[in-house]
Amino acid sequence: MFEGWLFYTLTVIATLCEATVFLILMYYYYVSVSGWRKHDEEKDYNPEKRFALITAAHNEEAVIRYHLESLKQLNYPEELFDIYVIADNCTDNTAEVARQEGVKVVERFSPQRGKGFALDWFFNTKLFTMEDENYDAICLFDADNVVSSNFLLEMNSKLKKGYRSIQGYLDTKNPNDSWVSASYATAYWSMNRMWQLARHNKGLSNALGGTGVCLDYQLLKEYGWGATCLTEDLEFTMKLLLNGIKTSWAHEAKVYDEKPVYFSQTWRQRTRWLSGHWNVAFRYMVPLIKKGFREKKWYPIDGAIYLFQPFAITIMLFNLIMGTMHYFSGPNPIYASPFTDLAPGSFWLTFGILGYLYPMLGLILEKAPRKAYLYYITYPFYGLTWFPVTLWGLLKHSNQEEWAHTAHNRGISISAIESGGNAATAKVVKPITAHHHQHQKGKGSVRRTYAPYATLVTQDEKSVKREPVTEPAGRVVYPTLVANKASAILKPVEVVKATITQEKRTQATAGSKNYG
């Protein structure tokens, strides 16, 4: 069918494309092996760092109350953190609901829409003028999130080790809502283990995920935010890499995110992600490669490889189209395939099947709920949708101001998740808006919940053991996690340095006594 120069040209192009995709996949498999095992990690839980917790919210009145309640229930001294809500171009009661919860609220109205612009405005006009607050770090969240009670203890420990940019574990609070949210949950459970933890264990930089983020205050002030594209988290990650700063990973600091339920929602959200990803790739990929070769360091090149993802997806689509045409071309092939001819067809079939099954190892290692394996049935269709999403994102990558809001309405409390063991079994609470619930008027202080004792649910047994925590000489005491094969208990100490074996991770939840 194709002869002469066209045949050989297609042969060269197809061979290069096949080899590129194969090498990229093998590199990711190589890195992922480091996530098979968790390493022991010494953690200093003695609270020292002071945090500003910042949530940018746009029309989130249905869910922000549950988010703020989870922040107020954090197992951390209340004098060491403040909660801020940026009500960004809101047309509902988001600001009113947040004020009822006693947190600090600022409202922004601007034609520049999107979280990146809202954060940049808040940092420059508000946060950096609060020198008397003496913040050591800031944490960024989305309004639909609920946050694990140990979040600040984990970030405090990381900061005391010298890390300046940290990403927490991104979990899903509504995995059972639809096949779309189930596919998201499956992807995130596997990715947290086989990609994020693996990169941390290998000494590479992790990627900021937009929420569950902790940044050193002086780092933010030194380099500025300036990340205003549609994927501001990715842009800031690469900005830090260019300045020689890697992002760390906190596997035990969990944030439960609401995932889209309908395909139309995931199309808009992922198109926004890919549009931003293309934009960041075009601006940062080459400078990172140059930095890596110039300084003879691998982590900037690894960052460039991550930015190459949309290119890789596009090349895979090209390979799929070319392969289909080749298959139906009959006795006169349109191109030769010297790369795939290096191995028999049975090898490539096995490679493809194992490639589909391999992410399931992440689910096993993370002890994902049984339903996750049923979710995996729909995962191939979810994966195929990345092809059109990536192409559409490429077409729109030059427009970084067309921000699309994802509506949230799943009101799930952190107490339901932590008492139930995981988000998949948590009870969904009916959303409460400002019209349905009113707090008693008082001094406007933040209501906090603090645990007079800690609860630890062990993996080796279903029993729950409680040990009261005392306060010698009026000093707040935080528990050390002490694990053994049979059980685990909490013991009070004045200065906590806990070595946690991550393979036998335990889950601590706050108590229920209200203070303040």
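Residues numbered from 1 in each chain as written. Predicted model: local features only at pLDDT ≥ 70, side-chain atom pairs only at ≥ 80, totals over all residues. Heavy atoms only, no water.

S.K.: How would you explain the overall build of the chain if you had to name every residue and give the values?
M.R.: The secondary structure content of the chain amounts to 17 helices and 17 strands. Considering only residue pairs separated by 6 or more positions, the chain has 79% of its internal contacts joining residues 24 or more positions apart. Looking at the chain as shown, the accessible area adds up to about 23,400 Å², and 59% of this sits on carbon and sulfur atoms. (Helix = DSSP H or I, 4+ residues; strand = E, 2+ residues; numbered from the N terminus. Contact = heavy atoms within 4.5 Å. Areas by Shrake-Rupley, 256 points an atom, 1.4 Å probe, with all protein chains shown as cover.)

S.K.: Go over the nonpolar core, please, and point to the residues and values.
M.R.: Residues F51, L53, F151 and L152 are the most contacted members of the largest nonpolar core, which totals 40 residues. At five residues, helix α5 (residues 151–160) tops the list of elements feeding residues into this core. (Core = buried A, V, L, I, M, F, W, Y, C linked by side-chain atoms within 4.5 Å. Buried < 20%, exposed > 50% of the residue type's maximum accessible area, 1.4 Å probe, protein only.)

S.K.: How would you explain the confidence of the model for the chain if you had to name every residue and give the values?
M.R.: In this model, the chain carries a mean pLDDT of 82, and residues with pLDDT of at least 70 account for 80%. Of all secondary-structure elements in the chain, the lowest mean pLDDT belongs to strand β11 (residues 453–457), at 32, while strand β8 (residues 213–216) reaches the highest, 98. In this model, residues 427–477 is a region of pLDDT below 50 whose contacts with residues beyond four sequence positions or in other chains number 134 contacts. When the criterion is pLDDT under 50, residues 479–516 qualifies, and its contacts beyond four places in sequence or with other chains add up to 116 contacts. (pLDDT = per-residue confidence, 0-100.)

S.K.: Outline unusual backbone geometry, supporting the account with residue identities and numerical values.
M.R.: Positive phi, normally seen in glycine, also occurs at K296, with a value near 55°. Position of K296 among the secondary structure elements: in the loop between α9 (263–295) and α10 (299–307). The class for K296 is exposed, based on a relative accessible area of 80%.

S.K.: So what's going on with the sheet that holds β8? Residues and values would help.
M.R.: The strands that make up a sheet pair up through hydrogen bonds in the backbone, lying either parallel or antiparallel. An order of β4-β3-β2-β5-β8-β7-β9-β6 is seen for the eight strands of this open sheet, with the pairing classed as mixed. Of all the strands in the sheet, just β4 (104–108) and β6 (146–147) have a single pairing partner and so form its edges. Inspection of the sheet shows strand β2 (residues 51–57) paired to strand β3 (residues 81–88) by seven bridges, in the parallel sense. Note that in β3 the partner of F51 across the bridge is F81. (Pairing = 2+ DSSP bridges.)

S.K.: So what about the environment of K161? Which residues, and what values?
M.R.: Following the sequence through the fold, K161 ends up in the loop between α5 and β7 (165–172). Residue classification places K161 among the partly exposed positions, given a relative accessible area of 41%. Counting along the chain gives 118 residues from K161 to K43, while the straight-line C-alpha distance between them is 8.8 Å. Residues contacting K161, with those up to four places away along its chain left out, are E41 and E42.

S.K.: Explain the pattern of salt bridges to me, using residue names and the numbers behind them.
M.R.: Here the idea is simple: oppositely charged side chains can pair when their charged atoms come close. By the definition in use, this model includes 25 salt bridges. The closest approach of N and O atoms between K160 and E48, which form a salt bridge, is 3.4 Å. Remark: E48 occurs in the loop between β1 (41–44) and β2 and K160 occurs in helix α5; sequence separation between them is 112 residues. Judged by its relative accessible area of 24%, K160 falls in the partly exposed class. For D257, the salt bridge goes to K259, with nearest N and O atoms at 2.8 Å. Using a relative accessible area of 13% as the deciding quantity, one classes D257 as buried. By relative accessible area, which is 4% here, K259 ends up buried. Connected via shared salt-bridge partners are R50, D82, K104 and E133. (Salt bridge = Lys/Arg side-chain N within 4 Å of Asp/Glu carboxyl O.)

S.K.: Account for helix α8 (residues 232–242), with residues named and values stated.
M.R.: For α8, a buried count of 10 out of 11 residues is recorded, marking the element as mostly surrounded by other parts of the structure. For α8, every residue scored as buried is listed here: E232, D233, L234, E235, F236, T237, M238, K239, L240 and L241. Packing partners of the buried residues in α8 comprise α4 (115–125), β7, β8, α7 (217–223), α9 and α10. Note on α8: the residue one or two positions beyond its end, G244, has a positive phi of about 80°.

S.K.: So what's going on with the pairing of strand β5 (residues 137–142)? Which residues, and what values?
M.R.: With six of six residues buried, β5 lies mostly within the body of the structure. Covered by surrounding structure in β5 are A137, C139 and F141 together with I138, L140 and D142, the residues of both alternating faces. Judged from the six bridges that link them, β2 and β5 form a sheet pairing that is parallel. Among the inter-strand pairings, I54 is bridged to a residue of β5, identified as L140. Pairing geometry for β5 and β8, over four bridges, is antiparallel.

S.K.: Can you lay out the packing of aromatic side chains for me, pointing to particular residues and giving the numbers?
M.R.: Evaluation of the coordinates by the stated rule reveals 37 aromatic pairs. Residues F123 and W225 carry aromatic rings whose centres are separated by 5.7 Å and whose planes lie at 70° to one another, so their mutual orientation is edge-to-face. Here F123 is found in helix α4, whereas its partner W225 is found in the loop between α7 and α8, with 102 residues between them in sequence. For W225, a relative accessible area of 5% corresponds to the buried category. Members of the aromatic cluster, joined through ring pairs, are Y84, F122, F123, F128, Y135, Y217, W225 and F236. Positioned above the aromatic ring of Y188 is the side chain of K259, whose terminal nitrogen or guanidinium carbon lies 3.7 Å from the ring centre. (Phe/Tyr/Trp six-rings, centres within 6.5 Å; stacked < 30°, edge-to-face > 60°. Lys NZ or Arg CZ within 6 Å of the ring centre and 35° of its normal.)

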